[in-house]
Structure formats: C-alpha cells, structure tokens
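# Reading the structure
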Amino acid sequence: MSNAFACCPGPGPDLRLEDCETQLEIMESWFRGHFEYPSARTPYDQDQGRHQWIWGGPYRACDVLAGHFGGIVPDDAIQDLAALLDAECPEWAPRWDADGLDAYLARDVCSIADCLPVCLDAIDSAAELARQEAAAASPALCRALYVQLMASLETYLADAFLGMVMRHTELLRRFVENHPPFQAETMRLADVFAEYESIRERARTALYDMGWHNAERVRLLYRNVLGLVFPTEQAELLRAVRRRHDILHRGGAGKEGGLPAVGPAEVAELAGLVRGLALHVDEGLQRIHGQLARGEGRARL
C-alpha cells in the first residue's frame with residue numbers, strides 16, 4: 001500500500017495535550033480532508049466488479065490513523081475512531097489536490113515511457129556490434145543489424161501509440177474515427193451499446209494487427225490521432241524502410257538487382273536516425289499525455 005499521506009504535515013505537538021473528544025474531532029477532520037469514498041472519483045470496472053485504484057489505495061482507516069497519529073494520540077482513541085470509519089466504509093480512496101495530481105501524473109508518464117529504454121538499448125547494442133572489426137568484414141552481419149534497428153523502431157512506435165490510445169479516451173475516439181475500416185462500418189441502433197462496450201478491445205486488436213513498417217501510415221497515425229508531427233528526416237526513414245524490405249524479402253537485392261551497400265557506416269547512420277526519432281516521439285508523447293491526463297484529473301476533482 002503506497003503511503004499517500006506521508007507528504008501531509010504531521011499533527012502538532014499540542015495535540016497530545018488535548019482531551020480525548022478534541023483529539024477524535026481533529027483526527028476525523030484530518031482523515032476526511034485527505035480521504036473519501038471510492039465512489040466519489042475512483043473509476044469502477046463493471047466487468048471485474050471492483051474499483052480501479054488509479055489514485056492509490058485502497059486504504060483502511062485503522063492503518064492510516066495509526067501511521068499518522070500513532071505515538072501522539074492514545075491507541076484506544078485511534079482504534080475507536082478507526083472502527084467507526086471502517087464500519088462506514090471499509091476501503092477509502094485518497095483525495096487529490098493539485099500537488100498530489102502532479103505527482104500522480106509524473107509517475108504515470110514514467111509508466112507510459114517504459115518502452116523507450118528497450119528501444120534505446122536495442123539501438124545501442126546494434127551500434128556497438130557495428131563498430132566491431134567483424135562487422136566490417138561481414139556484410140551479412142551489417143544487414144542483420146540494419147533490420148534489427150528498424151524492428152526496434154517499429155516496435156517502439158507501435159507500443160507507444162497503443163499505450164497512449166488505450167490510456168486516453170479522447171485519443172481512442174480519434175483513432176476509431178480516423179481508422180478506415182471503422183469508418184466503413186455501419187451498425188443498427190440496437191447494437192450501439194454492445195459496440196461501445198467492445199470498442200476498446202476492437203481498437204487494440206486493430207492496432208496489434210497493423211503493419212507498423214509502413215512509415216507513411218505510421219506518420220499519419222501519429223499526426224491525425226496524437227497530433228504529433230515527425231521531424232523532417234522522413235525521406236531518410238523511407239529509404240531505410242525500403243532497404244529493410246529488400247534485405248528481408250528480396251535476399252538483400254534491390255529492384256534494380258545487386259545487393260545494397262550496407263556496412264558499418266550505414267548501420268551507424270541508421271542508429272542515429274532511429275534514436276533521434278524515438279527521443280523526439282517520447283518527448284512529444286510525454287507532453288501530450290501530461291496535457292490530457294491533467295484535464296482528465298481535473299474533471300474528476
């Protein structure tokens with residue numbers, strides 16, 4: 001259980017001198033000022049039949065009061081109040097002020113960005129191998145590293161996009177409204193609620209099945225759904241996509257015949273391009289996520 005109330009100011013030393021009734025009033029006022037019924041703002045998952053504790057928790061009054069007032073207020077007073085509060089509501093959710101919301105958003109941004117280190121690690125590994133003497137003498141190794149770099153980028157772009165769309169309802173709606181197969185569908189009015197309940201899973205499946213090696217499609221997805229514009233190195237990326245296609249599906253030969261020149265220099269150049277795009281996307285995603293999550297959080301407050 002996370003300690004959401006650890007940042008709250010501790011009770012003053014004068015509380016020790018108050019009578020029992022006053023101590024109970026102060027403790028109850030403090031508790032209700034920092035915790036609330038989960039039904040107030042905590043999302044509830046109808047399918048699972050339980051709350052989604054996105055703000056932290058659940059918390060029991062006895063644990064909270066003992067952690068905050070223990071050693072200052074007599075234990076029997078804490079236990080008496082905790083029994084009343086636990087009987088009123090066995091599980092409590094924290095109230096969030098602006099500072100608490102900012103801290104929550106910072107943690108959530110970090111969780112969405114978890115896929116970036118995986119991508120950067122793959123880039124560094126490929127670049128390091130390309131610097132070895134064996135790479136200069138092995139065109140096949142360089143071609144394999146080239147493909148690995150493109151696969152790392154595709155995986156990152158897919159995972160990051162999926163995470164954003166599944167996290168924010170506004171982005172999910174934009175994707176559904178802009179996805180051509182969904183645009184072509186019609187439905188009966190009687191099916192509206194069934195479609196609504198399944199739309200998240202349908203969108204997830206569509207994104208999983210999508211070909212993320214199509215650079216132009218991915219660029220448009222990021223622009224139209226997330227509002228994130230890729231940097232200007234699009235031409236270089238498209239050439240890299242075509243070269244990856246030739247390596248994988250044509251035995252390395254281009255349409256004009258012959259093997260493309262892929263050596264350590266080309267691998268290093270692509271590593272720099274992929275790293276730059278991944279960092280650019282990550283910076284944009286964190287900014288967009290923060291803006292959307294802050295608006296969603298304010299709506300709950």
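Residues numbered from 1 in each chain as written. Predicted model: local features only at pLDDT ≥ 70, side-chain atom pairs only at ≥ 80, totals over all residues. Heavy atoms only, no water.

## Re helix α9 (residues 169-178)
Count 3.6 residues to each turn of an α-helix, and residues three or four apart come out pointing the same way. Inclusion rule: Working definition: with a 1.4 Å probe on protein chains only, accessible area under 20% of the residue-type maximum means buried, over 50% means exposed, and in between means partly exposed. Each helix is a run of DSSP H or I of at least 4 residues and each strand a run of E of at least 2, with the numbering of both proceeding from the N terminus. An arc is given here, and it is the one of the directions from the helix axis to the C-beta atoms.
Among all positions in α9, only Leu171, Leu172 and Phe175 are buried. Buried residues of α9, viewed axially, fall in a sector of 105 degrees; they line one side. Facing away from the buried side of α9, by more than 90 degrees, are the exposed residues Thr169 and Arg173.

## Side note on the pattern of salt bridges
So the rule is basically this: By definition, a salt bridge exists where a carboxyl oxygen of Asp or Glu is found within 4 Å of a side-chain nitrogen of Lys or Arg.
Scanning all chains against the criterion turns up 14 salt bridges. Glu201 is the partner of Arg204 in a salt bridge, and the nearest nitrogen-oxygen pair spans 3.5 Å. Of this pair, Arg204 and Glu201 are both found in helix α11 (residues 192-209), three residues apart, which corresponds to roughly one turn of the helix. With a relative accessible area of 45%, Glu201 lands in the partly exposed category. Here the salt bridges do not stand alone but share partners, grouping Glu28, Arg32 and Glu88 into one network.

## Some thoughts on the confidence of the model for the protein
Applied cut-off: A score between 0 and 100, pLDDT records how confident the predictor is in each residue. In this description, contact between two residues means that some pair of their heavy atoms is separated by no more than 4.5 Å.
For the protein, the mean per-residue pLDDT works out to 80, and 82% of the residues sit at or above 70. The least confident element of the protein, judged by mean pLDDT, is helix α5 (residues 98-112) at 48; the most confident is α9 at 92. In this model residues 1-13 is a low-confidence stretch, pLDDT under 50, and it forms 22 contacts with partners more than four residues away in sequence or in other chains. Note on residues 104-110: pLDDT is under 50 here. Beyond four places in sequence and across chains, it has 12 contacts.

## Re the packing of aromatic side chains
Counted only if it meets this: Any pair of Phe, Tyr and Trp rings, taking the six-membered ring for Trp, is counted once the centres come within 6.5 Å. Such a pair is stacked with planes under 30 degrees apart, edge-to-face with planes over 60 apart, and tilted for the rest.
One pass over the structure, following the stated rule, counts 11 aromatic pairs. Aromatic pair Trp30 and Phe69: ring centres 5.3 Å apart, planes at 90 degrees, arrangement edge-to-face. Of this pair, Trp30 sits in helix α1 (residues 20-34) while Phe69 sits in helix α3 (residues 61-69), placing them 39 residues apart in sequence. Overall, the relative accessible area of 12% leaves Trp30 in the buried class. The exposure class of Phe69 is buried, given its relative accessible area of 1%. Taking 5.3 Å as the distance between ring centres and 50 degrees as the angle between the ring planes, the aromatic pair formed by Tyr222 and Phe230 counts as tilted. Here Tyr222 falls in the buried class, since its relative accessible area comes to 0%. Linked through ring pairs, Trp30, Phe31, Phe35, Tyr37, Tyr59, Phe69 and Trp92 together constitute an aromatic cluster.

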